[in-house]
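Below, each chain spelled out in residue letters.
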Amino acid sequence: MTKRQEQFETTLITASTRGEYEQKTGAVNVPIYVSSTFDQEQFDSFGPFDYSRSGNPTRQALENTIAELEHGTRGFAFSSGIAAIASALLTLDAGDHIVVTSEVYGGTYRFVTKVLPKYNITHTFADFTDLESVEQAIQPNTKVLYAETPANPLLGITDLEGIIALAKKHQLKTFVDNTFMTPLYQKPLDLGADVVLHSATKFLGGHSDIIAGLAVTKEEEIGEAIYFMQNSMGAILGAQDSFSLIQGIKTLNARLSLESASAHKIAEYLQQNDFVQAVHYPGLKDHPGHATHFKQATNAGAVLSFELPTKAFTKAFVENVQIPVFAVSLGGVESILSYPVTMSHAAIPEEERTKRGITDGLLRLSVGLENVDDLIQDFQQAFEKAEALTSLKQ
Ligand SMILES: *Cc1c(COP(=O)(O)O)cnc(C)c1O
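Counting from 1, residues in each chain are numbered in the order their sequence is written. Per-residue local features of the predicted model are confined to residues with pLDDT of at least 70, and side-chain atom pairs are confined, for both listing and counting, to 80 or more; whole-chain, interface and lining totals are unaffected and use all residues. Here the side-chain values reflect all heavy atoms present in the structure, with hydrogen atoms and water set aside.

Enquirer: It is not clear to me how the site of the ligand should be interpreted in this structure. Could you clarify?
Expert: When at least one non-hydrogen atom of a residue lies within 4 Å of a molecule or strand, that residue is treated as near it. Taken together, 13 residues form the shell around the ligand, and within it Ile82, Asp177, Ser199, Thr201 and Lys202 come nearest. Within the backbone of isoleucine 82, an N or O atom sits 2.9 Å from an oxygen atom of the ligand. Taking lysine 202, its side chain carries an N or O atom lying 2.7 Å from an oxygen atom of the ligand. The method behind every accessible area is Shrake-Rupley, applied with a 1.4 Å probe, and residues are considered shielded solely by the protein chains displayed. Compared with its free state, where it exposes 380 Å², the ligand has 92% of that area covered by protein. What counts as a helix is a DSSP run of H or I of at least four residues, what counts as a strand is a run of E of at least two, and both are numbered from the N terminus. Per-element accounting of the shell around the ligand gives the leading share, 3 residues, to helix H4 (residues 81-89). Any residue that is not Ala, Val, Leu, Ile, Met, Phe, Trp, Tyr, Cys, Pro, Asp, Glu, Lys or Arg is counted as polar, Gly included; the first ten are nonpolar and the last four charged. Considered class by class, the residues forming the shell around the ligand number 4 nonpolar, 6 polar and 3 charged. In protein, a polar contact requires one atom able to donate a hydrogen and another able to accept it; more generally it is a pair of N or O atoms within 3.5 Å, and residues adjacent in sequence count only if both atoms are side-chain atoms.

Laid out in structure tokens, this is it:
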């Protein structure tokens, strides 16, 4: 069948059912293949599936979907975002070195600093908003530049074209954590990146109901290397969760467009609010990465962070906010307020955290699908209560 020309929003709906069986039966959803093994018809030649660690039809529908959405050739589904990241990084050899963005997800920081050194894979952190400092960190044994943009939790922006050009100049690979944007807004492979990584737990899943990770590649060699690691480490996504993730991806545009529009409105509200010392959101014109971000992405997304005056004020605010959940994670249909110091970035030692600007008054907000005016009203009453409570104590 020749493929129709279609837009991304259409592909979100159609991509998962392009398989032979769905085409034959007309099923609008991919079946959940609850089978660890597959009966082989021939003695000396096996069918496309033999054992579900190596390949499962439901997982494959998901893997094909993310590959198509990211404009890659191969997708891989893992039991968590960190499993995807770890499996991709473990394609490196002992003696290799990587340059990693200093504004990196806490779990990635832990894997890079605590696990990779055991296998003699070393690293240097660099400020990825400054291409010169990235180039200075490159060593003769460097193999990968590892980027995350927008980054976590200060929404720092990496110039992907700049980083990829640098990587190509030094014959390195570029890995990009695309969790915050998703392929709806940013497609790093189109810009020349080698591996795109996702915590699909977040916006791709979208409902705070599963933990999942994805990797996508374009070139055959790195694709084979990641497949080998996926099968060797075995941190695969199960069939049931693969199904949930396929369903989540179908509503990505509907969810993330609305959540992003609300995030923009909330960022503007916070910016003009006297209790808030700083707002980090790439959609705001005064964000230092604003222009760079809109060169490579089409929307600022649904995550922002903001700074409150003191830890006491921050605590009082969180305790009085009623609508958002106070929790680890982001990307759900519910707004999620989190405290990076003790949550996403707890794995980073205090001294390093402070250097990275992750202060005691910093809160991260992932905007959900609630009515945006309800959220703003809720924040306003919580700010007022926090002020009353903290000024009483002084
Ligand atoms: C959550 C997250 C991860 C880790 O993903 P898990 O699914 O929690 O393992 C990696 N990168 C970013 C940017 C994240 O937000």
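The structure having been displayed, the exposition proceeds.
Enquirer: How should I be thinking about the packing of aromatic side chains in this particular structure?
Expert: In this description, an aromatic ring pair is defined by two values, namely the gap between the centres and the angle between the planes. Any pair of Phe, Tyr and Trp rings, taking the six-membered ring for Trp, is counted once the centres come within 6.5 Å. Such a pair is stacked with planes under 30 degrees apart, edge-to-face with planes over 60 apart, and tilted for the rest. Under the criterion given, the structure shown has 10 aromatic pairs. Seen in terms of ring centroids, phenylalanine 317 and phenylalanine 379 are 5.6 Å apart; in terms of plane orientation they differ by 80°. Their pairing is edge-to-face. Of the two residues, phenylalanine 317 is situated in helix H13 (residues 311-320) and phenylalanine 379 in helix H15 (residues 372-393); the sequence distance between them amounts to 62 residues. Note on accessibility: phenylalanine 317 and phenylalanine 379 belong to one class, buried. Each member of the aromatic cluster is reached from another via a ring pair, and the members are Tyr269, Phe275, Phe306, Phe313, Phe317, Phe379 and Phe383. Taking NZ or CZ as reference, arginine 356 lies 5.0 Å from the ring centre of phenylalanine 125, over its face. Buried means the residue's accessible area, taken with a 1.4 Å probe over protein chains only, is under 20% of the maximum for its type, while exposed means over 50%, and partly exposed covers the values in between. We call a charge positioned above a ring when the Lys NZ or Arg CZ atom is no farther than 6 Å from the ring centre and deviates by at most 35 degrees from the ring normal.

Enquirer: Explain helix H3 (residues 57-69) here, please?
Expert: Residues spaced three or four apart along an α-helix face the same direction, because each turn holds 3.6 residues. To estimate how far a helix should extend, the number of its residues minus one is multiplied by 1.5 Å. End to end, H3 covers 18 Å across 13 residues, agreeing with the expected 18 Å (1.5 Å per residue, within 8%). Of the positions making up H3, those classed as buried are Pro57, Thr58, Arg59, Ala61, Leu62, Glu63, Thr65, Ile66, Ala67 and Leu69. Sitting at the amino-terminal end of H3 is asparagine 56, which places a side-chain oxygen 2.8 Å from the backbone nitrogen of threonine 58. Positioned one or two residues after H3, histidine 71 has a phi angle of 60°, which is positive.

Enquirer: Explain the pairing of strand E1 (residues 74-78) here, please?
Expert: Here E1 lies mainly inside the structure; 4 of its 5 residues are buried. Two strands pair if DSSP finds at least two bridges between them. Taken together, the 5 bridges between E1 and strand E7 (residues 213-217) define a ladder with antiparallel strand orientation. Bridging across to E7, arginine 74 finds its partner in threonine 217.

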